[in-house]
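# Results of the structural survey
Next come the chains, spelled out residue by residue.
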Amino acid sequence: MSVLDAWQQRLSDARADRQRQHRWRTRQVLARSTLNFAGNDYLGLAHDPRVSEAQAEGARRFGSGAGASHLVSGHLAIHDALEETLARWTGRQRALLFSTGYMANIGVLQALADSHTAIFQDRLNHASLIDGAALSGARSRRFHHRDAMDLENLLGRSESEHKLVVSDGIFSMDGHIADIGALVTVSQRHNAWLMIDDAHGVGILGDDGSGCVGSTWNSTEVPILVGTLGKALGTAGAFVAGDAALIDHLIQFSRSYIYTTAQPPAIAAATLKALEIVQGEPERRAQLNANIAYFRHEALRLGLPLSDSATPIQPLILGDETRTLSWAVQLQQKGIHVGAIRPPTVPNGEARLRITLSARHQRGDIDQLLAALYHCQQKEVLCNRYA
Ligand SMILES: *Cc1c(COP(=O)(O)O)cnc(C)c1O
């Protein structure tokens, strides 16, 4: 077999494997008319004309790209202004922009941890945190989901010089909120640093929308805060917020910060506008919360398998992968898009529809979704009855 044939074989083996498991992933171009319950645009800011206009104006003023990395010549005044605003909003000394949340997480973990470090992660942490830990060369341990006792046990047994506890703020596939208070207490008791990835909480949690950490927990309690800009803030990119010493260290040592082109300045301009709206229009969060409450109330009444989530992420755990796909396809045929999330993204036997709500949804949209879900459920009942 030639080298090329061996590669072809490898690709086709991997494909056959995935397809045998019915886990081959496909993308779809989303039709404009589709009712979208799969995105993370929780406040509708990705479609706010003021944010779009700020982006257009930013592009006219600063150009369409940064043209270089932050350390070379790509760091502009608009980036600086955004970093300052993010720092102030989250109650931190400094903030640092990254091009994506994925890059922020791998960059922070790689810069902070090495083979003398032990990283303790919640079992359900985002893939970027798992990858960052692997890249850092640190010893990695996983604790049971939201289980501070299990974390305490693992920390107690660790003899590592440096300990780092890492958790999502809102878990992206479950919608659970981390128990930050418990994580702070246990981390401090064991001299561990705490890093919270609040990708889904920033913009929607907290009185001022600054997330589940933001203005609630200070930088002694949560020294490393990561937030993303592509979800509730409706743009793209991410930031790390913390003390000056942390940010200086990242600028020196974080490879995914150093060796990449800076965020386009127009995105920074749009994000500043989005932040202004988040801070000035708390009614958007109120609308989102009203939508969440309405969906949950009605879903419960219809006997849909709701999860225990108070956030815009409202998974319906259907368990079986074929069943989950079938529901998603039926919804699709009615012009409704929801995420069909299957292993390996979630544990085996926990396939689910990942339904997300936004302040942008109208009552009628949510009613359509509920009716379609109820229809899927009733059809199964009938099928089982006559099977
Ligand atoms: C989406 C997400 C990320 C990645 O952020 P991107 O900006 O999309 O790369 C990181 N962590 C969590 C918890 C996320 O949900």
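Definitions and cut-offs
- Residues numbered from 1 in each chain as written.
- Predicted model: local features only at pLDDT ≥ 70, side-chain atom pairs only at ≥ 80, totals over all residues.
- Heavy atoms only, no water.
- Near = heavy atom within 4 Å.
- Polar contact = N/O pair within 3.5 Å; in protein donor to acceptor, adjacent residues only side chain to side chain.
- Areas by Shrake-Rupley, 256 points an atom, 1.4 Å probe, with all protein chains shown as cover.
- Helix = DSSP H or I, 4+ residues; strand = E, 2+ residues; numbered from the N terminus.
- Nonpolar A, V, L, I, M, F, W, Y, C, P; charged D, E, K, R; others polar.
- Pairing = 2+ DSSP bridges.
- Axes fitted to C-alpha atoms, helices over the stretch in contact; angles between N-to-C directions.
- 1 Å grid on protein atoms, 1.4 Å probe; cavity = no way out; pocket = protein on both sides within 12 Å on 5 of 7 lines; lining within 4 Å.
- Points joined across faces, edges and corners; volume = space filled by probe spheres on them.
- Domains from an automatic or database assignment.
- Patch = residues over 30% accessible without salt bridge, like charges linked within 9 Å, V, L, I, M, F, W, Y side chains within 5 Å.
- Salt bridge = Lys/Arg side-chain N within 4 Å of Asp/Glu carboxyl O.
- Buried < 20%, exposed > 50% of the residue type's maximum accessible area, 1.4 Å probe, protein only.
- Parallel < 35°, antiparallel > 145°, perpendicular 65-115°, else oblique.
- Contact = heavy atoms within 4.5 Å.
- Buried area = accessible area lost by both parts, 1.4 Å probe.

### Regarding the site of the ligand
Taken together, 13 residues lie near the ligand, and Gly101, Tyr102, Asp197, His200 and Lys231 sit nearest. A distance of 2.9 Å separates an oxygen atom of the ligand from a polar atom in the backbone of Tyr102. Asp197 places a polar side-chain atom, nitrogen or oxygen, 2.5 Å from a nitrogen atom of the ligand. Here the ligand has 380 Å² of accessible area as a free molecule, and 82% of this is covered by the chains. Looking at which element gives the most residues to the shell around the ligand, the answer is helix H5 (residues 101–112), with 3 residues. When grouped by side-chain class, the residues that make up the shell around the ligand number 2 nonpolar, 8 polar and 3 charged.

### Here we look at the sheet that holds strand E8 (residues 238–242)
One open sheet holds the 7 strands; their spatial order is E2-E8-E7-E6-E5-E3-E4, and the pairing between them is mixed. Each of the sheet's edge strands pairs with one partner strand only, and the pair in question is strand E2 (94–98) and strand E4 (139–143). Put simply, the sheet's adjacent strands are angled 20 degrees from each other on average, direction ignored. Sheet topology places strand E3 (residues 117–122) next to E4; 5 bridges connect them, and they run parallel. Across the sheet, Gln121 pairs through a bridge with Arg142, a residue of E4.

### Examining the layout of surface pockets
It is the rolling of a water-molecule-sized probe over the atoms that shows where space remains empty. Of the voids in this model, the largest pocket is the one considered here, and its volume is about 1300 Å³. Taken together, 43 residues line the largest pocket, and the ones lying closest to its centre are Arg25, Ala340, Ile341, Arg342 and Thr345. At the level of elements, helix H6 (127–136), helix H13 (321–333), strand E10 (336–337), strand E11 (339–341) and strand E12 (351–356) are the ones that each hand at least two residues to the lining of the largest pocket. The dominant element in the lining of the largest pocket, judged by the number of residues it contributes, is H13, at 4 residues. Viewed by domain, the lining of the largest pocket spans two of them, domain 1 (49–280) and domain 2 (282–387), each represented by three or more residues. If you add up the space inside the second largest pocket, you get close to 400 Å³. Together, 18 residues line the second largest pocket, and Leu30, Thr34, Asn36, His47 and Arg360 are the ones closest to its centre. In terms of residue class, the lining of the second largest pocket is made up of 6 nonpolar, 8 polar and 4 charged.

### Details of a nonpolar patch on the surface
A contiguous nonpolar patch, built from Val3, Trp7 and Leu11 and spanning about 360 Å² of accessible area, is present on the exposed surface. On the basis of relative accessible area, Val3 is assigned to the exposed category, the value being 64%.

### Observations regarding the packing of H5 against helix H9 (residues 244–253)
Direction vectors running N to C along H5 and H9 enclose 95 degrees, while the axes themselves pass 10 Å from each other. The angle between H5 and H9 places the two elements in the roughly perpendicular class. Contacts between H5 and H9 involve Gly107, Val108, Gln110, Ala111 and Leu112 on the former and, on the latter, Leu246, His249, Leu250 and Phe253. Considering only residue class, the contact of H5 with H9 consists of 6 nonpolar, 3 polar and no charged.

### A look at the domain arrangement of the protein chain
Partitioning the protein chain into structural domains gives domain 1 (49–280) and domain 2 (282–387). Once you take the C-alpha centre of each, domain 1 and domain 2 turn out to be 29 Å apart. Contact residues are listed per partner, giving 20 residues for domain 1 and 17 residues for domain 2. Here domain 1 and domain 2 share an interface that buries about 1300 Å² over both sides, 57% of which is from carbon and sulfur atoms. Of all residues in domain 1, the largest losses of buried area upon contact with domain 2 belong to Met173, Asp174 and Ile204, amounting jointly to 42% of the total for that side. Counting every contact that joins domain 1 to domain 2 gives 1 salt bridge. The partner of Arg352 in a salt bridge is Asp174, and the shortest N-O contact between them spans 3.1 Å. On the surface where domain 1 and domain 2 come into contact, there are 7 residue pairs in polar contact (both at pLDDT 80 or more). Sorting elements by how many residues they give to the side of domain 1 that touches domain 2 places helix H11 (residues 265–280) first, with 4 residues.

### A short note on the sheet that holds E12
Ordered by their spatial adjacency, 3 strands build an open sheet running E9-E12-E11, and the pairing between neighbours is antiparallel. At either end of the open sheet lies a strand with only one pairing partner, and these are strand E9 (313–319) and E11. Here the strands of the sheet are splayed against their neighbours by 25 degrees on average, with no regard to which way each runs. Two elements, E11 and E12, share 3 bridges in a ladder whose sense is antiparallel. Each residue of the ladder has a partner; that of Ala340, found in E12, is Leu353.

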